[in-house]
There are 2 protein chains.
Amino acid sequence: MKIAETPAPPYYAVIFTSIRSDNPNGYAETAARMIELANGQEGFLGVETAREEVGITVSYWRDEESIRKWKHHAEHTLAREKGRTAWYTSFKTRVARVERDYGFEVGG
Amino acid sequence: MKIAETPAPPYYAVIFTSIRSDNPNGYAETAARMIELANGQEGFLGVETAREEVGITVSYWRDEESIRKWKHHAEHTLAREKGRTAWYTSFKTRVARVERDYGFEVGG
């Protein structure tokens, strides 16, 4: 996991924040599979994820159309349903348009 | 740390992704202080943070003006400088306009 190498704005971010239940069944495998699957989607620009008390996964997309297609991807739809019924006690998804960005890298 | 209880969109998200150096001096104290300080700022709506390989902190703001004021807050400016010179090997800040959100809560 590195900082996502996104292009110049504008582009889109889907900020998914969640709190896990105590049901581990299949969660890790599906989470890894969703990142693998997202990587193959048209318009996917990168992803960053970390979990402590809350989990935060931010995926970056070229445009709204790419986000819409990913939302309706069959395997992703099944995973989201499992998220609701088993893996999370709560979550929030925010779709945002990245308007500017700036960064820093040692030696960069 | 809970999922931030943000109002109906639109509002703004500042997505700060970072990779830490091996210098711990003063980091945890300053990180906690920045969250405390942000909480007192005009237009601050909430924050979510987690760190594994990367750290992700998403703070939510009412408008661009609130973000601008927070960026220029003196103590925050000093902390960012320390971040560049000591605590991070790389980071990226993305300012995004949240256009829609949806969530789920067990029993909610």
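Residues numbered from 1 in each chain as written. Chains lettered and ligands numbered in written order. Predicted model: local features only at pLDDT ≥ 70, side-chain atom pairs only at ≥ 80, totals over all residues. Heavy atoms only, no water.

Asks: Account for the packing of aromatic side chains, with residues named and values stated.
Replies: Two descriptors summarise a pair of aromatic rings, namely the distance from one centre to the other and the angle between the planes of the rings. Using the criterion set out here, one finds 18 aromatic pairs over all chains in the structure. Relative to Trp70 of chain A, the ring of Trp61 of chain A lies with its centre 6.1 Å away and its plane at 25°, an arrangement referred to as stacked. When the centroid spacing of 5.5 Å and the interplanar angle of 40° are considered together, the rings of Phe16 of chain B and Phe91 of chain B count as tilted. Of this pair, Phe16 of chain B sits in strand S1 (residues 11-20) while Phe91 of chain B sits in strand S4 (residues 88-105); the two residues are 75 residues apart in sequence, bridging distant segments of the chain. Note on Phe16 of chain B: relative accessible area 21%, which makes it partly exposed. According to the relative accessible area criterion, Phe91 of chain B is buried, its value standing at 8%. Among the aromatic residues, those joined into a cluster by ring pairs are Phe16, Tyr27, Trp87, Tyr88 and Phe91 of chain A together with Phe104 of chain B. The ring of Tyr27 of chain B carries the charged tip of Arg20 of chain B above its face, separated from the ring centre by 3.8 Å. In this arrangement the basic side chain of Arg94 of chain B is found over the ring face of Tyr60 of chain A, its NZ or CZ atom lying 4.0 Å from the centre. (Phe/Tyr/Trp six-rings, centres within 6.5 Å; stacked < 30°, edge-to-face > 60°. Helix = DSSP H or I, 4+ residues; strand = E, 2+ residues; numbered from the N terminus. Buried < 20%, exposed > 50% of the residue type's maximum accessible area, 1.4 Å probe, protein only. Lys NZ or Arg CZ within 6 Å of the ring centre and 35° of its normal.)

Asks: Got a sec to walk through the nonpolar core? Specific residues and values, please.
Replies: Looking at soluble globular proteins, one finds that nonpolar side chains tend to be buried together. Counting residues in hydrophobic clusters, the biggest one holds 22 residues, and the most contacted among them are Val58 of chain A together with Ile15, Ile56 and Val58 of chain B. Counting residues per element, the ones that place at least two in this core are strand S1 (11-20), strand S3 (55-61) and strand S4 (88-105) of chain A together with S1, strand S3 (55-61) and S4 of chain B. Discounting chain neighbours no more than four positions away, the residues touching Val58 of chain B are Ile15 and Ile56 of chain A together with Ala13, Val14, Ile15, Gly46, Val47 and Glu48 of chain B. (Core = buried A, V, L, I, M, F, W, Y, C linked by side-chain atoms within 4.5 Å. Contact = heavy atoms within 4.5 Å.)

Asks: I'd like to hear about the relation of the copies chain B and chain A, residue by residue, with values.
Replies: The transformation that overlays chain B on chain A combines an axial shift of 0.0 Å with a rotation of 180°, and the residual RMSD is 0.0 Å. Each copy turns onto its partner about a two-fold axis. When the interface residues of chain B are mapped onto chain A, 100% of them again lie at the interface, so the same face is used by both copies. (Least-squares fit on C-alpha atoms with pLDDT ≥ 70 in both.)

Asks: Pulling in residues and values, what's your account of the interface of chain B and chain A?
Replies: Across the contact, 45 residues belong to chain B and 45 residues belong to chain A. Together chain B and chain A conceal approximately 4,200 Å² of surface at their shared face, both sides included; 57% is due to carbon and sulfur atoms. The three residues of chain B that bury the most area against chain A are Arg94, Tyr102 and Phe104 of chain B, which together make up 18% of that side's buried surface. Across the chain B-chain A interface, the total number found is 6 salt bridges. The closest approach of N and O atoms between Asp101 of chain B and Lys92 of chain A, which form a salt bridge, is 3.8 Å. On the surface where chain B and chain A come into contact, there are 27 residue pairs in polar contact (both at pLDDT 80 or more). The greatest single-element share of the side of chain B that touches chain A, amounting to 18 residues, is contributed by S4 of chain B. (Buried area = accessible area lost by both parts, 1.4 Å probe. Salt bridge = Lys/Arg side-chain N within 4 Å of Asp/Glu carboxyl O. Polar contact = N/O pair within 3.5 Å; in protein donor to acceptor, adjacent residues only side chain to side chain.)

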